[in-house]
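Listed below are the residues making up each chain.
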Amino acid sequence: MNKNLGIILIVIGAIMLIWTGVTYTKKKKIIDAGPIQVSVDQKETIGWPPYLGTILLVGGIIIVVTGKKSS
């Protein structure tokens, strides 16, 4: 079980290091007056610091290495 958790942390950590954020588009209504509607596409970004990916990556490696020794 620990080995699987370690591998998952390594994968998530590597992905977080490669992509430091996710951008998505959200529609926002500006005017809604009966049959007339005006909306704008607004880009939103969710970012995370690169050190978080590093922590997950190193933690996953430690879990995998220590899991092999106890088997």
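See the structure shown above.
Residues numbered from 1 in each chain as written. Predicted model: local features only at pLDDT ≥ 70, side-chain atom pairs only at ≥ 80, totals over all residues. Heavy atoms only, no water.

Quick notes on the overall build of the protein
For the protein, the count of helices and strands is two helices and two strands. If you list the helices and strands of the protein from N to C, you get α-β-β-α. Scaling as 2.2 N^0.38, a compact globule of 71 residues should have a C-alpha radius of gyration of about 11 Å, whereas the protein reaches 21 Å, well beyond that. Taken across its 71 residues, the protein has 10% of its residues classed as buried. Sequence separation of 24 or more characterises 56% of the internal contacts of the protein that already satisfy a separation of 6 or more. Surface summary for the protein: the accessible area is close to 5600 Å², and the carbon and sulfur share equals 67%. (Helix = DSSP H or I, 4+ residues; strand = E, 2+ residues; numbered from the N terminus. Rg over C-alpha atoms; globule rule 2.2 N^0.38 Å. Buried < 20%, exposed > 50% of the residue type's maximum accessible area, 1.4 Å probe, protein only. Contact = heavy atoms within 4.5 Å. Areas by Shrake-Rupley, 256 points an atom, 1.4 Å probe, with all protein chains shown as cover.)

Quick notes on the pairing of strand 1 (residues 21–33)
Within a regular beta strand, the side chains point alternately toward one face of the sheet and then the other, so they alternate between its two faces. Bridge analysis of strand 1 against strand 2 (residues 36–47) gives 12 bridges, and the strand direction is antiparallel. Following the sheet pairing, K26 is matched in strand 2 by Q42. Linking strand 1 back to strand 2 in an antiparallel pair, the connection comprises two residues, with G34 at a positive phi of about 65°. (Pairing = 2+ DSSP bridges.)

Focus on a nonpolar patch on the surface
On the surface, I7, V11, I15, I18 and W19 cluster together to form a nonpolar patch covering roughly 510 Å² of accessible area. Secondary-structure assignment places W19 in the loop between helix 1 (2–18) and strand 1. (Patch = residues over 30% accessible without salt bridge, like charges linked within 9 Å, V, L, I, M, F, W, Y side chains within 5 Å. Salt bridge = Lys/Arg side-chain N within 4 Å of Asp/Glu carboxyl O.)

Structural notes on helix 1
The α-helix advances 3.6 residues per turn, and as a result positions three or four apart in sequence lie on the same side. Counted at 1.5 Å a residue, the expected span for helix 1 with its 17 residues is 24 Å, and the 24 Å between its end C-alpha atoms agrees. Those residues of helix 1 that fall on the buried side of the exposure criterion are G6, G13 and M16. For helix 1, the buried positions fall inside an angular range of 95° around the axis, keeping them on one side. (Expected span 1.5 Å × (residues − 1). Arc of directions from axis to C-beta.)

Looking at the environment of K43
When you line up the elements, K43 lands in strand 2. K43 sits in the exposed class, given a relative accessible area of 67%. Counting along the chain gives 18 residues from K43 to T25, while the straight-line C-alpha distance between them is 4.5 Å. Discounting chain neighbours no more than four positions away, the residues touching K43 are T23, Y24 and T25.

Keep in mind that these numbers describe shape and distance, not what the molecule does.
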